[in-house]
Amino acid sequence: MSLIVTGTIGIDTVETPTGSAKEIPGGSCAYFAAAASCYTPTRVVAAVGDDWPADHRSMLESFPGIDLGGLEERAGSKTFRWGGKYLDNMNDRETLFTDLGVLEEAPPAIPAEFQDSEIVFLANTHPGVQRGFLEHLPNRKFTVADTMDLWINIARDDLVGLLGEIDGLVINDSEALLLTEQRNPFTAAKAIMDMGPSVVVIKKGEHGAVLVTSDGVAVLPAYPADEPMVVDPTGCGDSFAGGFMGWIASRGNWDFAELQSAMAWGTVSASFTLGAFALEGLQGLTMEQLEERMACYQAAARVGQTTIV
Ligand code: AMP
């Protein structure tokens with residue numbers, strides 16, 4: 001089934017306890033598309049300014065499954081920029097700056113040839129803008145969104161409106177707490193389901209993720225990544241979502257068992273993002289490499305003789 005993503009394409013500056021990188025390719029949409037495109041062709045709708053570096057474009061173009069037909073490069077506009085710093089545990093981070101730039105202008109248009117998209121991912125951006133895209137996607141069958149602390153704090157009403165119109169939400173545990181005031185991830189997920197979505201995924205960083213739907217609950221561990229393997233966790237949430245939605249679009253099915261498999265593929269995709277700055281961990285990634293890592297993940301997640309993922 002056709003997969004479309006809207007969100008940010010940005011210029012990131014990242015500091016970790018072991019290294020730093022300035023003005024590298026990033027953005028919620030970029031990480032999502034890079035991961036999803038390993039599973040299925042992925043249509044991108046986003047806007048950047050005329051300061052967007054040519055090598056950032058080449059990086060995205062190097063992913064054969066990404067269709068940049070909905071990418072607007074706007075003369076006179078500034079690309080979204082974000083800076084973040086990871087704490088010693090490589091799990092928690094501080095946002096150092098967010099320059100919204102082109103995000104403060106009219107959202108990009110969804111090209112006519114993308115308007116038949118069936119599987120929709122609304123990667124992180126203003127929830128009012130996320131909601132606006134839905135009007136132009138009349139064939140959507142399964143729509144999932146991501147959000148974050150900034151939008152919960154400054155655009156809660158828009159977010160609550162969006163939740164009433166979508167099928168799924170992918171959110172991390174601290175953001176679920178901020179949104180629902182519930183610390184327990186299962187209780188938080190149920191509170192989110194009361195706002196609309198029937199599928200809720202709560203990500204817990206190095207502690208894995210939980211899936212809650214009306215058909216059941218699943219818990220999945222994170223990929224067992226030791227310290228040398230973790231270079232930069234930026235984009236892990238988005239590439240988790242990319243693997244998750246890419247798998248669903250490739251299967252054309254989102255029943256409970258398929259959602260649970262999608263969580264495992266999302267986890268494996270995110271493990272490649274961890275290993276390098278920007279999109280480099282996902283560049284050139286093949287299905288064979290993903291399958292190989294999936295086999296390691298399944299072995300690590302086995303309980304007795306039973307594979308739990
Ligand atoms: P993640 O680590 O999965 O949360 O995603 C990090 C990516 O999200 C970075 O590449 C940022 O450019 C992008 N990002 C950071 N803040 C925002 C925001 N408020 N809205 C949309 N994208 C953002």
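Provided above is the structure to which this section pertains.
This section reports on the structure supplied with the text. All values reported here derive from a predicted model rather than from experimental measurement.

Rules of the game
Positions within a chain are numbered from 1, following the residues in the order the chain's sequence is written. Totals for whole chains, interfaces and linings use all residues, but because this is a predicted model, local features are given only for residues with pLDDT of at least 70 and pairs of side-chain atoms are given and counted only at 80 or more. Values shown for side chains rest on all heavy atoms present in the structure; no hydrogens or waters enter the calculation. Here a Phe, Tyr or Trp ring, Trp counted by its six-membered ring, pairs with any other such ring whose centre lies within 6.5 Å, and the pair is stacked when the planes are under 30 degrees apart, edge-to-face when over 60, and tilted otherwise. Runs of E in the DSSP output that reach at least two residues are strands. Runs of H or I that reach at least four are helices, and both are numbered from the N terminus. When a residue's accessible area, from a 1.4 Å probe over protein chains only, is under 20% of the maximum for its type it is buried; when over 50% it is exposed; and in between it is partly exposed. When the NZ atom of lysine or the CZ atom of arginine is within 6 Å of a ring's centre and also within 35 degrees of its normal, the charge is said to sit over that ring. Here a residue is considered near a molecule or strand provided that any single heavy atom belonging to it is located within 4 Å of it. For the purposes of these results, a polar contact is taken to be a pair of N or O atoms within 3.5 Å, where, inside protein, one atom must be able to donate a hydrogen and its partner to accept one; residues adjacent in sequence count only when each atom of the pair is a side-chain atom. To be clear on the numbers: accessible area is Shrake-Rupley with a 1.4 Å probe, and residue cover counts the displayed protein chains and nothing else. In this context, the arc is that of the directions from the helix axis out to the C-beta atoms. By definition in these notes, contact holds between two residues if any of their heavy atoms fall within 4.5 Å. Should a side-chain nitrogen of Lys or Arg be within 4 Å of a carboxyl oxygen of Asp or Glu, the pair is scored as a salt bridge. Here, nonpolar core refers to any group of buried Ala, Val, Leu, Ile, Met, Phe, Trp, Tyr and Cys residues whose side-chain atoms link them within 4.5 Å. To obtain an axis, a line is fitted to C-alpha atoms, over the contacting stretch when the element is a helix, and the angle between two such axes runs from 0 to 180 degrees between their N-to-C directions. Here the word oblique covers every angle except those under 35 degrees (roughly parallel), over 145 (roughly antiparallel) and from 65 to 115 (roughly perpendicular). It is the rotation of the near helix from the far one that decides the hand of a crossing: anticlockwise by less than a right angle makes it left-handed, clockwise makes it right-handed. Each residue gets one label: Ala, Val, Leu, Ile, Met, Phe, Trp, Tyr, Cys and Pro are nonpolar, Asp, Glu, Lys and Arg are charged, and the others, such as Gly, are polar. Paired strands are those between which DSSP finds at least two bridges.

A complete count under the given rule lists six aromatic pairs for this structure. Here the aromatic rings of Phe-32 and Phe-121 are separated by 4.5 Å at their centres, their planes lie at 5°, and the arrangement is stacked. Of this pair, Phe-32 sits in helix α1 (residues 28–36) while Phe-121 is found in strand β8 (residues 119–122), placing the two residues 89 residues apart along the sequence. Measuring from centroid to centroid gives 5.8 Å for Tyr-39 and Trp-265, while their planes differ by 75°, and the two rings are edge-to-face. A residue pair is termed long-range when its members are at least 10 positions apart, and Tyr-39 in the loop between α1 and β4 (42–49) and Trp-265 in helix α9 (residues 256–273) qualify at 226 residues. Take Trp-265: its relative accessible area is 9%, and that puts it in the buried class. Joined through ring pairs, the aromatic side chains of Tyr-39, Trp-247 and Trp-265 make up one cluster. Taking NZ or CZ as reference, Arg-293 lies 5.3 Å from the ring centre of Tyr-223, over its face. We note Arg-293 situated over the ring of Phe-272; from NZ or CZ to the ring centre the distance is 3.8 Å.

For the rest of this paragraph, the subject is the site of the ligand. Taken together, 18 residues are adjacent to the ligand, and Asp-12, Gly-27, Arg-93, Gly-235 and Asp-238 come closest. The contact in question runs from an oxygen atom of the ligand to an N or O atom on the side chain of Asp-12, over 2.5 Å. Asp-238 has a polar side-chain atom sitting 2.7 Å from an oxygen atom of the ligand. Here the ligand, which alone exposes 510 Å², has 93% of that area covered by the protein. Where the shell around the ligand is concerned, the elements lending two or more residues are α1, β6 (80–86), α4 (149–154) and α8 (236–251).

Right, let's get into helix α3 (residues 127–134). Looking only at α3, the buried set comprises Pro-127, Gln-130, Phe-133 and Leu-134. An end-on view of α3 places all buried positions within 115° of arc, on one side of the element. The inward-facing, buried residues of α3 contact β1 (3–6), β4, β8, β9 (142–146), α4 and α5 (156–163).

One pass over the structure, following the stated rule, counts ten salt bridges. Glu-23 is the salt-bridge partner of Arg-81, the closest N and O atoms lying 2.8 Å from each other. On the criterion of sequence distance, the pair formed by Arg-81 in strand β6 and Glu-23 in strand β3 (residues 19–26) is long-range, its members being 58 residues apart. For Glu-23, a relative accessible area of 43% corresponds to the partly exposed category. A single network of salt bridges, built from pairs that share partners, joins Glu-23, Asp-51 and Arg-81.

A few words now on the nonpolar core. The biggest cluster of nonpolar side chains holds 72 residues, and the ones touching the most others in it are Ile-9, Val-44, Phe-121 and Met-245. Ranked by residue count, the leading element in this core is α9, at nine residues. In this structure, Phe-121 is in contact with Ile-4, Val-5, Thr-6, Phe-32, Val-144, Ala-145, Asp-146, Val-170, Ala-241 and Met-245, ignoring residues within four places of it in sequence. Phe-114, Ala-188, Ala-189 and Ile-192 belong to the second largest nonpolar core, which has 27 residues in total.

Following both chains from N to C, one finds α1 and α8 inclined at 40°, their axes separated by 7 Å at the closest point. By the angle between their directions, the pair α1 and α8 is classed as oblique. Every pair of crossing elements has a handedness; the one defined by α1 and α8 is right-handed. Residue-level contacts link Ser-28, Tyr-31, Phe-32, Ala-35 and Ala-36 of α1 to Asp-238, Ser-239, Ala-241, Gly-242, Gly-243, Met-245 and Gly-246 of α8. Across the contact of α1 with α8, the residue classes break down as six nonpolar, five polar and one charged.

Right, let's talk about the side chain of Thr-40 for a bit. In this structure, Thr-40 sits in the loop between α1 and β4. Accessibility expressed as a relative area gives 10% for Thr-40, which makes it buried. Ignoring any residue separated from it by four or fewer positions in sequence, one finds Thr-40 in contact with Met-1, Leu-3, Gly-65, Gly-246, Ala-249 and Ser-250.

Here Asp-92 shows up in the loop between β6 and β7 (93–99). The residues contacting Asp-92, other than those within four sequence positions of it, are Lys-85, Tyr-86 and Leu-87. A distance of 2.7 Å separates the side chain of Asp-92 from the side chain of Asn-89, its partner in a polar contact.

We now examine the sheet that holds strand β13 (residues 216–220). The mixed open sheet is built from nine strands, whose spatial order is β5-β4-β1-β8-β9-β10-β11-β12-β13. Each edge of the open sheet carries a strand with a single partner, namely β5 (66–74) and β13. For this sheet, the mean inter-axis angle between neighbouring strands, taken without regard to orientation, is 15°. Sheet analysis places β9 next to strand β10 (residues 168–172), joined by three bridges and oriented parallel.

The subject of this paragraph is the pairing of β6. By the criterion of burial, β6 is predominantly enclosed, with six of the seven residues buried. Direction of pairing for strand β2 (residues 10–16) relative to β6: parallel, over a ladder of six bridges. In the sheet register, Glu-15 faces β6, and the bridge partner there is Lys-85. Pairing of β6 with β7 involves six bridges; the strand directions are antiparallel. Paired with Tyr-86 across the strands is Arg-93, a residue of β7. Taking the residues that link successive antiparallel strands as the turn, the β6-β7 hairpin has six residues, and the phi of Met-90 there is positive, at about 60°.

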